[in-house]
Amino acid sequence: MIFDEEQKSQPIEKRQVWEAFKKVRSNKGAPGVDNLSIQEVSARPMKYLYPVWNRLASGSYYPKPVREVAIPKSDGRIRKLGIPTVQDRTAQMVIREELEQIADKRFSKHSFGYRPNKSAHQAIKQCRENRMKMDWAIDLDIKSFFDEIDHGLMLRALGHFTKSKHIHLYVQRWLEASVQKKDGEIYPRSKGTPQGGVISPLLANIFLHVVFDSWIGKNHPEVKFERYADDIIIHCSNFKQALRTLEAVKSRFTQCKLQIKEGKSNIVYCKRNQKKHPPFKVHYVTFDFLGLTFKPRMVKGYFGHFHLGFTPSISRKSQKRLTKTLFKMKLHRMVHLRLPDLANILADKVRGWINYYGKVRKSELHYVFRFLNMRLAKWVRNKYRRFRRKHWFFAYKWLRDTAKHYPNMFVHWHFGFLP
């Protein structure tokens, strides 16, 4: 152990703090308002972690303000993240580990976000299965969910899972922790839980379990749903059922001080039959879920026959986000490197994209990797003088010949996305 034991009023052990810090260290992350990095804390644990345990175990722990960071979203809006200090993240991890053991086994089997042994692919798989059983879906989009959680209701929801005083004490202090803006000014927080906090995803799951999961299972057992954090898809058998369910959900969210985005929460017809149609014009026939677009497509059946299906693939928004990431990397300027060096730089990133988006309709990634091959062709023109005054096709042809001789150099070449 890194420090000695002594009796305290709260049931928190030194071992919990050390194990929590190891998880925080593995997640990496930026420093908070005190500019104290993970490396500094790791180098001097007695100085920085002993006070965390001492205050947590005695009930005298109070978090520092969270540092607000603005992250641009793909639609042009701004997402505000709250970055706690490394010591505060460690304290949150201690309580999160204890609370997760209590809460996770009571969560709905239809909840997949930020849970052990649950993944986005499992949510997508269940969405595909429910879509085959029911013709209508409600695509729910909660407005500024993390920023709008009511603190009183959050603590009431927490009370459904545990009565432990030290958990309630510290959760309340984290919820009420002030925010330091970019200009250095500190403002109090009256609602919401900061995205970026270690415990925030678990608190969000607890809140939505009480507000939505258990409520809809009790009041609308005829519908099916899957939820990944605040992304929710509800499946209904007919249009009237979907209308009634949407109105009931809106009323429930209003009672719980949440709002649904108008214009982004729609009733979608999951068209999967060329002969069967509703007796009215349908406005929405596609929806996005976890970076994938579900829409009518021609699919190949078991016996080689094509028919109309309603299947997912990478969304147009995700494609643009990935190509924007590649553009910002400025690969064409890395002329001091060799082609295998570029492959090593891109390997982990590209492999992650293929493993996630390539689970369904991998061919839809062609748009992204065609863009990447064009960026590599531009690198060839900048790297080799003989291509600079020629048409770009000659550089692309050289890259294509290289891919034929070394098809495993780049990860996307290995999967068949050759120039």
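A few points on the structure. Fair warning: this is a prediction, and the values are worked out from it, not measured in the lab. (Residues numbered from 1 in each chain as written. Predicted model: local features only at pLDDT ≥ 70, side-chain atom pairs only at ≥ 80, totals over all residues. Heavy atoms only, no water.)

### Focus on the pattern of salt bridges
Proximity of charged atoms lets side chains of opposite charge pair with each other. Per the stated rule, a full pass over the model turns up 14 salt bridges. One salt bridge in this structure joins lysine 181 and glutamate 68, with 3.2 Å as the shortest N-O distance. Of the two residues, lysine 181 sits in the loop between strand E4 (179-180) and strand E5 (186-187) while glutamate 68 sits in strand E1 (residues 66-72), which places them 113 residues apart along the sequence. For lysine 181, a relative accessible area of 27% gives the class partly exposed. Note that aspartate 150 and lysine 257 form a salt bridge whose closest N and O atoms lie 3.4 Å from each other. Of this pair, aspartate 150 sits in the loop between helix H7 (145-148) and helix H8 (151-159) while lysine 257 sits in the loop between helix H11 (239-255) and strand E8 (266-269); the two residues are 107 residues apart in sequence, bridging distant segments of the chain. (Salt bridge = Lys/Arg side-chain N within 4 Å of Asp/Glu carboxyl O. Helix = DSSP H or I, 4+ residues; strand = E, 2+ residues; numbered from the N terminus. Buried < 20%, exposed > 50% of the residue type's maximum accessible area, 1.4 Å probe, protein only.)

### Notes on the environment of leucine 49
Considering the arrangement of structural elements, one finds leucine 49 in the loop between helix H3 (45-48) and helix H4 (50-58). Residue classification places leucine 49 among the buried positions, given a relative accessible area of 0%. Taking the C-alpha atoms as reference points, leucine 49 and methionine 132, 83 residues apart in sequence, are found 52 Å from one another.

### A short note on the sheet that holds E5
The sheet built from 4 strands is open, its strands ordered E2-E1-E4-E5 with mixed pairing. In this open sheet, the two edge strands, each paired with only one partner strand, are strand E2 (78-83) and E5. (Pairing = 2+ DSSP bridges.)

### With respect to helix H13 (residues 339-357)
In this model, H13 (19 residues) spans 25 Å end to end at C-alpha, consistent with the 27 Å of a helix rising 1.5 Å per residue. Along its length, H13 reaches its greatest deviation from straightness, about 50°, at alanine 347. Of all the residues in H13, the buried ones are Leu339, Leu342, Ala343, Leu346, Ala347, Val350, Trp353, Ile354 and Tyr357. Where the residues of H13 are buried, they touch strand E10 (292-300), strand E11 (306-314), helix H12 (316-329), helix H14 (366-383), helix H15 (392-405) and helix H16 (411-414). (Expected span 1.5 Å × (residues − 1). Bend = angle between axes of the 7 residues up to and from the residue. Contact = heavy atoms within 4.5 Å.)

### Here we look at the pairing of strand E3 (residues 136-141)
Taken residue by residue, a regular strand's side chains alternate between the two faces of the sheet. Here E3 lies mainly inside the structure; 5 of its 6 residues are buried. In terms of strand pairing, E3 meets E8 through 4 bridges, oriented antiparallel. Counterpart to aspartate 139 in the pairing with E8 is asparagine 266.

### Here we look at the packing of helix H1 (residues 14-27) against helix H5 (residues 86-103)
Relative to each other, H1 and H5 sit at 115°, their axes nearing to 8 Å. It follows that H1 is roughly perpendicular to H5 by the angle criterion. Judged by the twist between their axes, the crossing of H1 over H5 is right-handed. Residues Gln16, Val17, Ala20, Phe21, Lys23, Val24 and Asn27 of H1 form the contact with H5, whose participating residues are Val86, Arg89, Thr90, Met93, Val94, Glu97 and Glu98. A class-by-class count of the residues in the contact of H1 with H5 yields 7 nonpolar, 3 polar and 4 charged. (Axes fitted to C-alpha atoms, helices over the stretch in contact; angles between N-to-C directions. Parallel < 35°, antiparallel > 145°, perpendicular 65-115°, else oblique. Left-handed = near helix turned anticlockwise from the far one by under 90°. Nonpolar A, V, L, I, M, F, W, Y, C, P; charged D, E, K, R; others polar.)

### Notes on empty space enclosed by the protein
Across all of its chains, the model carries 1 cavity of 30 Å³ or more by this definition. Size it by volume and the largest cavity reaches roughly 80 Å³. Every residue lining the largest cavity is counted, 15 residues in all, and those nearest its centre are Val66, Pro84, Gln92, Trp174 and Pro194. Going through the elements one at a time, H5, helix H9 (165-175) and helix H10 (200-219) are the ones with two or more residues in the lining of the largest cavity. Of the residues contributing to the lining of the largest cavity, the split by class is 9 nonpolar, 4 polar and 2 charged. (1 Å grid on protein atoms, 1.4 Å probe; cavity = no way out; pocket = protein on both sides within 12 Å on 5 of 7 lines; lining within 4 Å. Points joined across faces, edges and corners; volume = space filled by probe spheres on them.)

### Some points on the packing of H5 against H9
Two elements in contact, H5 and H9, have axes separated by 11 Å at closest approach and are oriented at 140°. The orientation of H5 with respect to H9, classified from their angle, is oblique. Relative to H9, the crossing made by H5 is left-handed. Here Asp88, Ala91, Gln92, Ile95, Glu98 and Leu99 of H5 come into contact with H9, specifically with His166, Ile167, Tyr170 and Trp174. Looking at side-chain class alone, the contact of H5 with H9 contains 6 nonpolar, 2 polar and 2 charged residues.

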